[in-house]
Amino acid sequence: MTMVTLTIEGREVEVPEGTSILEAGKRAGVLIPHYCYHPGLPVAGVCRMCLVEVEKSPKLSPACATAAATGQVVHVHSPKALEARKGVLELLLINHPLDCPICDQSGECELQDYTYAEGRADSRYREPKRFNPVEDFGGDVMYVPNRCILCTRCVRFMETVAHDPVLNVSERGDRAVIGKFPGADLTNPWAGNVIDLCPVGALLSKDFLNKARAWDLDRAATICPNCSQGCNAVLEVRDNVVVRMEPRPNDAVNRYFLCDPGRLDYRWLNRRDRLMTPTLEGATVDWAVATAAAIDAIAGRRLHVLASPRLSNEALFLLARLLRHAGGEGWYTVPTGPEAPLPGVPDLALRADRAPNGRGAESLGFRRTDDAPSLLAGLGPDDVLLVVDEELAGATVRTAAGVVLVVGTTLPAWATGALVALPIANMAEEEGTYTNLRGRVQRFLQAKAAPGSARPTFAVLADLLVAAGQPADYLLAADVFAALASEPPFAGLSYETLGLHGMPVPE
Amino acid sequence: MSDVDATAPIFTGARRAALDALLTRYPTKMAALLPALWLVQETHGWVSDASIAEVASLLDLTPAYVKGVVTFYTMYHRHPVGRHFIQVCTTSPCGVCGAEDVLRAFVRHTRVPELGVTSADGQFTVVEVECLGACGFATPVQINDELIESVTPDQVAALVAARR
Amino acid sequence: MGYPHKSHPRETPVLSRHFGDPDARTLAGWRQRGGYRALEQALGQTPAEIVTTVKDSGLRGRGGAGFPTGMKWSFMKPGDGKPHYLCCNADESEPGTFKDREIMRWTPHALIEGCAIGAYAIGAETAYIYVRGEFTEPLQRLTDAVREAYAEGVLGARAMGSGTRLDIVVHKGAGAYICGEETALMNSLEGRRGVPRIKPPFPAVAGLFGQPTTINNVETLAAVPHILANGADWYRGMSLSSPKSTGTKLFSVCGNVRRPGNYEMTLGFPFGEFLHDVCGGPPVGRRFKAIIPGGSSVPIQTMEEAEATRMDYEGFVAQGSMLGSGGVICIDDRQCMVRVIARLARFYAHESCAQCTQCREGTAWTTRIVERIEAGDGTFEDLDTLLSIADNMTGKTICVLSDSCAVPVVSGIKKFRAEFEAHITQKRCPMRASASASTVAVAAA
């Protein structure tokens with residue numbers, strides 16, 4: 001690969017031939033302000049924000065559309081470049097409504113950010129501003145034309161990445177707006193990405209509308225728990241309630257994108273019908289009492305575990321150890337739905353398996369069943385059923401198992417007679433790892449506090465192991481992972497090497 | 001032309017044959033879009049959403065895409081216009097030759113309520129247009145497809161009356 | 001000729017010799033007048049020989065950019081295995097320009113012959129002639145002439161009996177000045193919104209349908225058969241001032257002038273004599289006040305500048321403007337310069353494709369300010385703002401429509417500042433009776 005060396009804002013940087021000056025700038029640690037450019041979309045070169053001064057070039061060059069070349073000396077903050085950017089910002093603002101106080105984008109708006117940094121302090125515009133009414137584009141998307149800067153990221157996304165060109169640029173000149181065809185709405189399952197892509201508050205999420213200010217949000221890196229693709233995401237929380245899930249870039253998994261069914265299905269993380277305290281025969285008791293009672297019930301019976309495929313590898317690892325010690329069978333069941341690929345990205349789809357860690361469960365020795373209710377119905381007085389966070393939502397379930405034990409976030413309707421119930425955190429309330437359908441192990445971090453006395457799943461399961469006489473001296477989830485990674489299939493991995501982009505399971 | 005249902009499919013029979021012939025002139029279907037839209041306008045007098053959907057389907061394009069193209073070009077009408085669509089060039093080379101007086105004369109004699117709005121009898125729509133490329137023949141006026149050169153205000157009454 | 005007037009004796013009628021002659025429109029009539037001999041001769045030469053001839057002639061693009069045509073053709077690499085295309089830019093929309101229209105409606109076969117030779121020279125089998133949608137008569141004449149050419153075997157699988165395939169497709173535009181920009185033209189031909197493309201890639205590398213393409217103006221291509229028939233030396237010899245400006249140019253004269261029309265002049269002719277003698281001078285009882293010599297996108301000239309100009313590429317630059325498309329807009333002392341400039345700005349605002357921020361917003365803002373000044377509601381600060389916006393709009397966009405809007409504003413304020421200031425201090429247009437100046441102007445849409 002041929003490399004070229006250039007200087008950007010005084011920093012020398014070497015990049016592969018064909019790299020744009022803008023990307024070379026990133027490599028050099030220099031942000032070249034831009035709007036229409038996005039690494040996941042074809043280059044448009046229309047916003048003109050990224051104009052930089054290249055020595056010996058008669059005109060300013062658009063950094064997104066100009067190839068880096070050896071010997072170039074690029075100035076991003078020279079007086080000419082600053083003036084050009086200030087000019088673009090001024091022109092973007094002349095028709096832009098002063099909506100910041102009521103605009104959802106405020107606080108995460110690139111027009112605000114650059115204007116604050118480099119724009120004019122006043123307006124020279126004395127004419128009436130152009131006006132267009134708000135439009136519902138369908139799906140989760142609403143369009144506010146008055147705020148639109150015509151960067152065309154949304155149009156290019158739908159055309160080139162979603163392969164579903166339902167958005168256009170309509171009209172010409174300063175009458176131009178983003179448009180669609182009557183009746184052809186943004187129902188594509190990946191359409192919501194245009195909201196993330198929009199640098200300003202022109203394309204907004206109806207779901208998120210007026211829910212929170214960007215600066216009120218706490219953010220944590222996570223993995224979308226709603227299918228087996230394992231898209232990297234961010235959970236955004238306000239006052240301990242998840243209010244939004246956004247994509248997090250990962251070239252190996254989801255590039256920059258999340259599907260709508262995935263991102264909008266976060267409300268279950270805020271459920272209020274939670275198990276709040278450890279119980280024995282329905283009454284709240286100490287952890288130690290409930291844990292001991294559970295282990296007593298297991299002894300002398302055949303153990304059947306029904307584990308949720310939303311459990312982390314750490315939790316499943318400990319469950320598997322319990323199974324080995326007690327001698328028994330472990331099962332998991334995965335809800336499914338239609339697959340919906342994003343055609344412009346290799347190997348990215350809303351997967352049929354609508355759970356994040358079926359692969360992890362399988363690799364840790366659990367067996368998949370498509371008919372959990374029959375399994376449960378077949379249990380008898382000599383069986384103890386340990387249900388770990390699996391509600392079997394929507395199914396009619398009856399079990400004649402001798403003892404039912406629940407370790408979960410909620411108490412399933414069919415398990416109200418459980419002997420013991422131990423409350424655990426859901427995936428937003430603890431950290432752990434998931435293994436996606438391609439065997440990539442990825443970390444998710446804690447985004448909010450668990451309610452009541454609920455504790456991290458690994459801690460509750462470790463207590464059970466200890467009560468059963470097994471060593472389980474884990475203080476942190478990382479300690480559990482280290483134990484996990486001492487043997488296949490996770491051998492050699494660690495939280496350090498996983499980082500926030502994950503690693504494939506070693507072959 | 002205003003009696004025709006502008007939403008009815010048009011690419012059947014001879015017009016379908018014309019479209020097929022057009023498709024042989026270009027290496028892509030998309031390139032036949034502007035000519036196809038001209039066929040629509042020549043048939044219905046304007047380009048409706050239904051026609052947009054029909055053309056899109058025939059050329060393997062989305063209706064949204066076709067609509068984006070239609071709205072870019074000023075000559076495709078997106079709603080019915082008068083039987084005589086009168087376009088007066090007022091860009092500066094004609095402007096300095098009194099084009100606005102010609103425009104005013106047309107507004108007066110056709111009795112249109114305002115520019116761009118069709119007269120009550122459906123006969124006339126009058127609009128200003130940008131440079132028609134006939135600057136030496138000021139003021140040029142295009143009525144539908146016909147260019148009339150060197151129009152002066154005193155000629156307008158007769159031009160309108162002849163078409164009423 | 002200064003059609004519709006008779007040729008002025010000081011003209012050099014080459015392209016315009018047959019303007020106004022209906023017989024010249026037919027293939028037989030064109031052959032009688034010497035047509036298609038150059039094509040026959042060309043098909044017997046190699047493409048490289050033809051490119052050399054055109055290079056030596058000094059022919060430069062006549063659409064406005066003035067790029068050497070032979071050099072442009074030489075960018076097309078022969079034998080690359082890709083389909084090559086020739087596009088003829090017949091989207092003539094530059095205010096003040098109306099020459100291509102005359103070439104097409106009076107001598108369509110001249111254009112066909114030029115396209116055929118050009119296509120052959122660049123290794124293209126197909127030439128698309130993109131004609132603006134408003135040009136009903138030129139479209140009709142061209143279509144009829146192409147049909148004749150196919151019928152007579154001039155075009156087709158074996159053009160003029162040679163082994164070469166030459167096809168011409170006439171393509172109708174739909175109303176957009178910006179489609180006269182070469183990359184926007186290609187986008188429009190491909191069935192897209194007619195928006196310009198970023199360069200690189202350049203058309204000769206990846207143009208129409210992604211293939212190597214050359215785009216030439218109508219007048220440029222119409223000159224090619226004459227150059228081949230009479231030789232490069234003949235064409236190069238027609239030069240009165242600068243050796244870099246050779247041959248003849250059709251100057252479209254319009255506005256406040258005694259004899260508007262198209263005049264074919266050898267490059268380098270004195271502009272003052274052209275305006276007063278050849279074109280007849282200003283209307284009776286009037287004086288010229290300003291000239292825009294090359295279509296509305298070139299700087300306005302004062303009469304002092306115009307009368308000192310030699311009519312070629314270098315000559316206009318030396319006198320504060322450019323040759324551009326050769327559209328000579330004459331403005332007399334009855335006109336309000338602010339009004340002229342407001343209307344020009346409105347033109348550019350209407351035609352902006354909306355891609356680049358500076359153009360999309362700047363053209364509209366400029367128009368609103370100048371219209372406000374014209375209506376008597378302007379401030380001195382507005383003049384500074386206008387110049388600042390103009391600077392912002394120059395040299396920063398994908399194409400030069402943005403720059404073109406800035407040009408009349410900058411040259412207008414620079415050379416006719418007194419008129420702007422009069423509007424501001426008097427709070428009305430001094431050329432008119434009252435502030436509510438009679439205009440039927442509607443929103444720029």
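Just so we're clear, the structure is a prediction, and the values are computed from it rather than from any experiment. (Residues numbered from 1 in each chain as written. Chains lettered and ligands numbered in written order. Predicted model: local features only at pLDDT ≥ 70, side-chain atom pairs only at ≥ 80, totals over all residues. Heavy atoms only, no water.)

1. Re the overall build of chain A
A count of helices and strands for chain A gives 13 helices and 26 strands. Principal-axis analysis of the C-alpha atoms gives chain A an extent of 85 × 50 × 35 Å. In the structure as shown, chain A presents an accessible area of about 20,300 Å², 53% of it carried by carbon and sulfur atoms. Both charge centroids of chain A, one from 49 positive and one from 61 negative side chains, sit 5 Å from each other. (Helix = DSSP H or I, 4+ residues; strand = E, 2+ residues; numbered from the N terminus. Areas by Shrake-Rupley, 256 points an atom, 1.4 Å probe, with all protein chains shown as cover. Lys, Arg positive; Asp, Glu negative; His and termini not counted. Charge placed at Lys NZ, Arg CZ, Asp CG, Glu CD.)

2. Notes on helix H14 (residues 337-351) of chain C
A rise of 1.5 Å per residue sets the reference length of H14 of chain C, with its 15 residues, at 21 Å; its end C-alpha atoms lie 21 Å apart and thus fit the reference within 8%. A large share of H14 of chain C lies buried, amounting to 15 of its 15 residues. (Expected span 1.5 Å × (residues − 1). Buried < 20%, exposed > 50% of the residue type's maximum accessible area, 1.4 Å probe, protein only.)

3. Details of the domain arrangement of chain A
Splitting chain A by domain gives domain 1 (3-77) and domain 2 (279-504). Between the C-alpha centres of domain 1 of chain A and domain 2 of chain A there is a distance of 49 Å. (Domains from an automatic or database assignment.)

4. Side note on unusual backbone geometry
Across the junction of proline 488 of chain A and proline 489 of chain A, the peptide omega takes the value 0 degrees, indicating a cis bond. Counting through the fold element by element, proline 489 of chain A comes out in the loop between helix H12 (477-484) and helix H13 (495-498). The omega torsion of the bond from alanine 138 of chain B to threonine 139 of chain B falls at -10 degrees, within 30 degrees of zero and hence cis. Tracing the backbone shows threonine 139 of chain B in the loop between strand E2 (124-129) and strand E3 (141-143). In this model, asparagine 144 of chain B sits at a positive phi of 50 degrees, which is unusual for a non-glycine residue. Relative to the helices and strands, asparagine 144 of chain B resides in the loop between E3 and strand E4 (146-148). Despite not being glycine, lysine 427 of chain C has its phi angle at roughly 55 degrees, a positive value. You can see lysine 427 of chain C is positioned in the segment after helix H18 (417-426). With a relative accessible area of 54%, lysine 427 of chain C lands in the exposed category.

5. Notes on the sheet that holds strand E4 (residues 61-62) of chain A
Residue and element names in this part refer to chain A. With mixed pairing, five strands are arranged side by side in an open sheet as E2-E1-E5-E3-E4. Both edges of this open sheet fall to strand E2 (11-16) and E4, since each of them pairs with a single strand only. Looking at chain direction, strand E3 (residues 51-54) and E4 are connected through two bridges and run antiparallel. Its bridge partner being in E4, valine 52 is matched across the sheet by serine 61. The strands touched by helix H2 (residues 79-94) within the sheet are E3 and strand E5 (73-75), with E3 carrying the most contacts at an inclination of about 165 degrees. (Pairing = 2+ DSSP bridges. Contact = heavy atoms within 4.5 Å. Axes fitted to C-alpha atoms, helices over the stretch in contact; angles between N-to-C directions.)

6. Observations concerning the interface of chain C and chain B
Opposite the 61 residues of chain C that make contact, chain B presents 44 residues. Along the contact surface separating chain C from chain B lie five salt bridges. Between the two partners, chain C and chain B, sit 25 residue pairs in polar contact (both at pLDDT 80 or more). Secondary structure elements with two or more residues in the side of chain C that touches chain B: helix H5 (100-106), strand E2 (124-131), strand E3 (167-172), helix H8 (182-189), strand E5 (248-255), strand E11 (327-332) and H14 of chain C. Considering every element that reaches the side of chain C that touches chain B, the biggest residue donor is H14 of chain C, with eight residues. (Salt bridge = Lys/Arg side-chain N within 4 Å of Asp/Glu carboxyl O. Polar contact = N/O pair within 3.5 Å; in protein donor to acceptor, adjacent residues only side chain to side chain.)

7. What to know about the interface of chain A and chain B
With 11 residues of chain A in contact, the opposing surface of chain B contributes 14 residues. A buried area of about 970 Å², summed over both sides, lies between chain A and chain B, and 59% of it is on carbon and sulfur atoms. The three residues of chain A that bury the most area against chain B are Glu171, Arg172 and Phe181 of chain A, which together make up 58% of that side's buried surface. Joining chain A to chain B, the criterion identifies one salt bridge. Taking the shortest distance from any N to any O, the salt bridge between glutamate 171 of chain A and arginine 78 of chain B comes out at 2.7 Å. There are five residue pairs in polar contact (both at pLDDT 80 or more) connecting chain A and chain B. A class-by-class count of the residues in the side of chain A that touches chain B yields six nonpolar, two polar and three charged. (Buried area = accessible area lost by both parts, 1.4 Å probe. Nonpolar A, V, L, I, M, F, W, Y, C, P; charged D, E, K, R; others polar.)

8. Quick notes on the pairing of strand E8 (residues 288-292) of chain C
A regular strand places its side chains so that they alternate between the two faces of the sheet. Residue and element names in this part refer to chain C. Summarising burial for E8: five of the five residues are buried, a large majority. As paired strands, E8 and E11 are joined by four bridges and run antiparallel to one another. Bridge assignment links phenylalanine 288 to a residue of E11, and that residue is aspartate 332. Bridging between E8 and strand E9 (residues 301-302) involves two bridges; their strand directions are antiparallel. Its bridge partner being in E9, alanine 290 is matched across the sheet by threonine 302.

9. Side note on the packing of aromatic side chains
Taken as a whole and judged by the stated rule, the model has 25 aromatic pairs over all chains. With a centroid separation of 6.0 Å and 55 degrees between ring planes, the pair formed by phenylalanine 67 of chain C and phenylalanine 75 of chain C is classed as tilted. The exposure class of phenylalanine 67 of chain C is partly exposed, given its relative accessible area of 35%. Three or more aromatic residues link up through ring pairs in this structure, and these residues are Phe251, Tyr263, Phe271, Phe274 and Phe316 of chain C. Across the ring face of tryptophan 287 of chain A, the terminal group of arginine 455 of chain A is positioned such that the distance to the ring centre comes to 4.6 Å. (Phe/Tyr/Trp six-rings, centres within 6.5 Å; stacked < 30°, edge-to-face > 60°. Lys NZ or Arg CZ within 6 Å of the ring centre and 35° of its normal.)

10. Describing the side chain of serine 297 of chain C
Residue and element names in this part refer to chain C. Among the structural elements, serine 297 can be located in the loop between E8 and E9. Under the relative-accessibility criterion, serine 297 is labelled buried at 16%. Of the polar contacts made by the side chain of serine 297, one reaches the side chain of glutamate 94; its length is 2.6 Å. Not counting residues within four places of it along the chain, the set of residues in contact with serine 297 comprises Glu94, Tyr177, Tyr348, Ser404 and Val407.

11. Some words on the pattern of salt bridges
Opposite charge on two side chains permits them to pair, given that their charged atoms come into close proximity. Across all of its chains, the model carries 78 salt bridges over all chains by this definition. Measuring nitrogen to oxygen at the nearest pair gives 3.7 Å for the salt bridge that ties glutamate 90 of chain A to arginine 120 of chain A. One end of the pair, glutamate 90 of chain A, is in helix H2; the other, arginine 120 of chain A, is in the loop between helix H3 (110-118) and strand E6 (135-138), with 30 residues separating them in the sequence. Between arginine 443 of chain A and glutamate 431 of chain A there is a salt bridge whose closest N-O contact spans 3.0 Å. One end of the pair, arginine 443 of chain A, is in strand E25 (residues 440-444); the other, glutamate 431 of chain A, is in the loop between strand E23 (420-423) and strand E24 (432-435), with 12 residues separating them in the sequence. What you see here is one network of salt bridges that share partners, running through Glu149 of chain B together with Arg101, Glu102, Arg105, Glu137 and Arg141 of chain C.

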